[in-house]
Amino acid sequence: MSGLGKRLMILGAGRHQVPLIQTAIDLGVEAHVCSIAGDYPGIALATYFHEVDISNSQAILELARTINPHGILTTATDVCLESIGLVVDEMNLPGSGFETTSSCLSKIRMKRKLVASGVPTAQYRVISDANDGIDFFNNHRGDCVIKPSDSSGSRGVNKLHHVEDVKPAFESALKFSRRGEVLIEEWLEGEEFGAQAIVEHGECKLLVLHSDITTPPPRRIPVGHGCPHPNEEELIGTVRNIVIDAIASLGINNTISNIDFILTEDGPKIIELTCRMGGTRLPEVCGTYWGVDFYALSIHLALGEKINLLPIPSGKANAAHNLIVSRQGTFLSMDQINDEFSHEIYFDPGERLALNSAEQIEIGYIQLIREDPSSILEDLTNEANRLTSSVRLGEE
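Thresholds applied
- In this numbering scheme, every chain counts its residues from 1 along its sequence in written order.
- Only residues with pLDDT of 70 or above have their local features reported here, since the model is predicted, and side-chain atom pairs are shown and tallied only from 80 upward, although totals for entire chains, interfaces and linings are computed over all residues.
- With hydrogens and water stripped out, all remaining heavy atoms of the structure feed into the side-chain values.
- Salt bridge, as applied in this entry: a Lys or Arg side-chain nitrogen positioned within 4 Å of an Asp or Glu carboxyl oxygen.
- For helices the rule is a DSSP run of H or I covering at least 4 residues; for strands it is a run of E covering at least 2, with both sets numbered from the N terminus onward.
- Note on classification: 1.4 Å probe, protein chains only; a residue is buried when its accessible area is under 20% of the maximum for its type, exposed when over 50%, partly exposed between these limits.
- Side-chain rings of Phe, Tyr and Trp (the six-membered ring for Trp) are treated as a pair once their centres are within 6.5 Å; stacked means planes under 30 degrees apart, edge-to-face means over 60, and tilted covers the remaining angles.
- Counted as over-ring charges are cases with an Arg CZ or a Lys NZ within 6 Å of the ring centre that also lie within 35 degrees of the ring normal.
- Pairing between two strands is assigned when DSSP locates at least 2 bridges connecting them.
- Note on geometry: axes are C-alpha line fits, over the in-contact stretch for helices, and angles between N-to-C directions span 0 to 180 degrees.
- The contact criterion used is simple: two residues touch if any of their non-hydrogen atoms lie within 4.5 Å.
- Roughly parallel means an angle under 35 degrees; roughly antiparallel, over 145; roughly perpendicular, 65 to 115; everything else is oblique.
- Left-handed describes a crossing whose near helix is turned anticlockwise from the far helix through less than a right angle; right-handed describes the clockwise counterpart.
- Following the grouping adopted for this structure description, the nonpolar residues are Ala, Val, Leu, Ile, Met, Phe, Trp, Tyr, Cys and Pro, the charged ones are Asp, Glu, Lys and Arg, and the polar ones are all others, Gly among them.
- Joining through side-chain atoms within 4.5 Å is the link that ties buried Ala, Val, Leu, Ile, Met, Phe, Trp, Tyr and Cys residues into a set, and such a set is a nonpolar core.
- Buried and open spaces are told apart on a 1 Å grid over the protein atoms alone, a cavity being a set of points where a 1.4 Å probe fits but cannot get out and a pocket being an open set with protein on both sides within 12 Å along at least five of seven lines. Residues with an atom within 4 Å of a point are the lining residues.
- Grid points are joined across faces, edges and corners, and a volume is the space filled by probe spheres set on the points.

Some points on the pattern of salt bridges
So, point 1. Here the structure, examined in full by the defined rule, presents 21 salt bridges.
So, point 2. For the salt bridge of glutamate 185 with lysine 147, the shortest nitrogen-to-oxygen distance reads 3.0 Å. Taken together, the residues glutamate 185 in strand β8 (residues 182-186) and lysine 147 in strand β6 (residues 144-148) connect sequence positions 38 residues apart. Grouping residues by exposure puts glutamate 185 and lysine 147 together as buried.
So, point 3. In this structure, lysine 205 and glutamate 203 form a salt bridge, with 3.5 Å as the shortest nitrogen-oxygen distance.
So, point 4. Relative accessible area serves as the criterion here: at 45%, glutamate 203 is assigned to the partly exposed category.
So, point 5. Put simply, Asp335, Glu383, Arg386 and Arg392 are held in one network by salt bridges that share partners.

Structure representation (structure tokens):
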């Protein structure tokens, strides 16, 4: 595997794209980083920086025709997936094409393809108004969830306990849908977990299961992950078969696919999947466990280069947890981090913390690596909670 001298378009220059950009440069790849202008740390790293809206597919295609790249990819963001798909199709590059990337962005198109292929997932209905949602709710036993077809970060997602919840939930979901599409589906009860599937030429070459640490329902936003999953041995066979069918149904190709599951009483069911690596430090967590660099793997796949994978994990059990606060102000201090945890803090004392659209801010992360996985998640979560509760902010 060698990307030496090849041209690679990387869409996004934010904090979560920085490891991807740095890895590309370390591999000798000519990194063409694309982003709108702003205080994005990946811009300074880039071999070449191109100021462009990465969600504008036509603008990205026009730029690609001037760069003539050997590959194109992103990580930890969905806003540019259709741009990637268009370039893959029009320039005959390795990766997932426009039909696939569009289906990954639209929960409705994704669900239709999964159901048509017999992939286990939640029962659902596309609804045009609250009355459609009420009809589905009344004919379904148990809680439901309403969500926009095309939002990310769980915006506009609401769990329904009572029929009276349907109308306000529908209005909330509609507000967050760019396409004006909303669906209602059964609420899947059980443990949320995930998988990273390394896909080469449409074939799942490696599947790594991981635990998820999430916020409470209904949104279940991931804040951390761990590897290996404690029930990996009993789950891997069933999950692998589901993943193979899901990847084929969407046409995912030459990428690392992020897949979300719920372990129900009836077995694992897919919530959704996409054609790029997961965020929340998943490349670091899965890579540390398996003993490979997931950023490098994703680059080689995007460039169409043959990959070599270890048949069994050679790394160590580990988990990572984002440090998130829901207050804003001037960052003053935080308690000292236990020496056992590796970490990165994104802000220095005196810098301002401003809440994002989800009314929170990620100030850094911690990672715990051990030979014995038994108490990693518990100890990691306790340390993350201790640290975030110790954050001291000044008045604005």
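Observations concerning the packing of aromatic side chains
Two aromatic rings, taken as a pair, are described by how far apart their centres are and by the angle between their planes.
So, point 1. Taken as a whole, this structure holds two aromatic pairs when the rule is applied.
So, point 2. Arranged with centres 6.0 Å apart and planes meeting at 75 degrees, the rings of tyrosine 289 and tryptophan 290 form a pair that is edge-to-face.
So, point 3. On the basis of relative accessibility, which here comes to 11%, the residue tyrosine 289 falls in the buried class.
So, point 4. In this structure, arginine 15 packs its charged tip against the face of tyrosine 346, placed 3.9 Å from the ring centre.
So, point 5. If you follow arginine 15 out to its NZ or CZ, it ends over the ring of phenylalanine 347, 6.0 Å from the centre.

A look at the side chain of serine 149
So, point 1. If you trace the backbone, serine 149 turns up in the loop between β6 and β7 (158-160).
So, point 2. Owing to a relative accessible area of 0%, serine 149 belongs among the buried residues under this scheme.

As for the sheet that holds strand β11 (residues 222-227)
So, point 1. Taken in spatial order, the eight strands of this open sheet run β13-β12-β9-β10-β11-β14-β18-β16, and their pairing is antiparallel. Among the strands making up the open sheet, the edge pair consists of β13 (267-274) and β16 (342-345). Neighbouring strand axes in the sheet, compared pairwise and without regard to direction, differ in orientation by 25 degrees on average.
So, point 2. Pairing analysis gives nine bridges linking strand β14 (residues 317-325) to strand β18 (residues 361-370), with the strands arranged antiparallel. Residue pairing for β18: valine 325 is matched across the bridge by isoleucine 361.
So, point 3. Each of β9 (191-200), β10 (203-214), β11, β12 (255-264), β14 and β18 is contacted by helix α10 (residues 282-290), which is oriented at about 165 degrees to β14, the strand it contacts most.

Examining the sheet that holds strand β17 (residues 352-353)
The pairing of strands in a sheet comes from backbone hydrogen bonds and takes either a parallel or an antiparallel form.
So, point 1. Strand order in this open sheet of three strands is β17-β15-β19, and the pairing throughout is antiparallel. In this open sheet, the two strands that pair with only one neighbour each are β17 and β19 (392-394).
So, point 2. With two bridges connecting them, strand β15 (residues 329-333) and β17 associate as antiparallel partners. The partner of threonine 330 across the bridge, within β17, is arginine 352.

A short note on the packing of helix α7 (residues 130-138) against helix α8 (residues 166-176)
So, point 1. Running from N to C, α7 and α8 cross one another at 125 degrees; their axes reach a closest spacing of 9 Å. When the axis of α7 is compared with that of α8, the two are oblique. Considering how the two elements wind past one another, α7 and α8 form a crossing that is right-handed. Facing α7, whose interface residues are Ala130, Gly133, Ile134 and Phe137, α8 presents Val166, Lys167 and Phe170.
So, point 2. The residue inventory of the contact of α7 with α8, partitioned by class, reads five nonpolar, one polar and one charged.

Here's the deal with the nonpolar core
So, point 1. Counting 57 residues, the largest nonpolar core has Leu8, Phe294 and Ile363 as its most contacted members.
So, point 2. For this core, the element with the highest residue contribution is helix α11 (residues 294-302), accounting for six residues.
So, point 3. Among all residues touching phenylalanine 294, those that are not within four sequence positions of it are Gln196, Ile198, Val208, Ile256, Met277, Pro283, Cys286 and Gly287.
So, point 4. Counting 26 residues, the second largest nonpolar core, distinct from the first, contains Leu81, Val199, Leu207 and Leu209.

Digging into empty space enclosed by the protein
If a probe the size of a water molecule is rolled over the atoms, the empty space left behind becomes visible.
So, point 1. In this structure the tally under the stated criterion is three cavities of 30 Å³ or more.
So, point 2. Taken together, 17 residues line the largest cavity, and the ones lying closest to its centre are Ile72, Leu73, Ile84, Thr255 and Cys275.
So, point 3. Of the residues that constitute the lining of the largest cavity, the class distribution is eight nonpolar, eight polar and one charged.
So, point 4. Considering only enclosed or pocket space, the second largest cavity measures out at about 50 Å³ in volume.
So, point 5. As for the second largest cavity, its lining consists of His16, Pro19, Thr75, Ala76, Gly278, Gly279, Thr280, Arg281, Pro283, Glu284 and Tyr295.
So, point 6. Residue composition of the lining of the second largest cavity, by class: four nonpolar, five polar and two charged.

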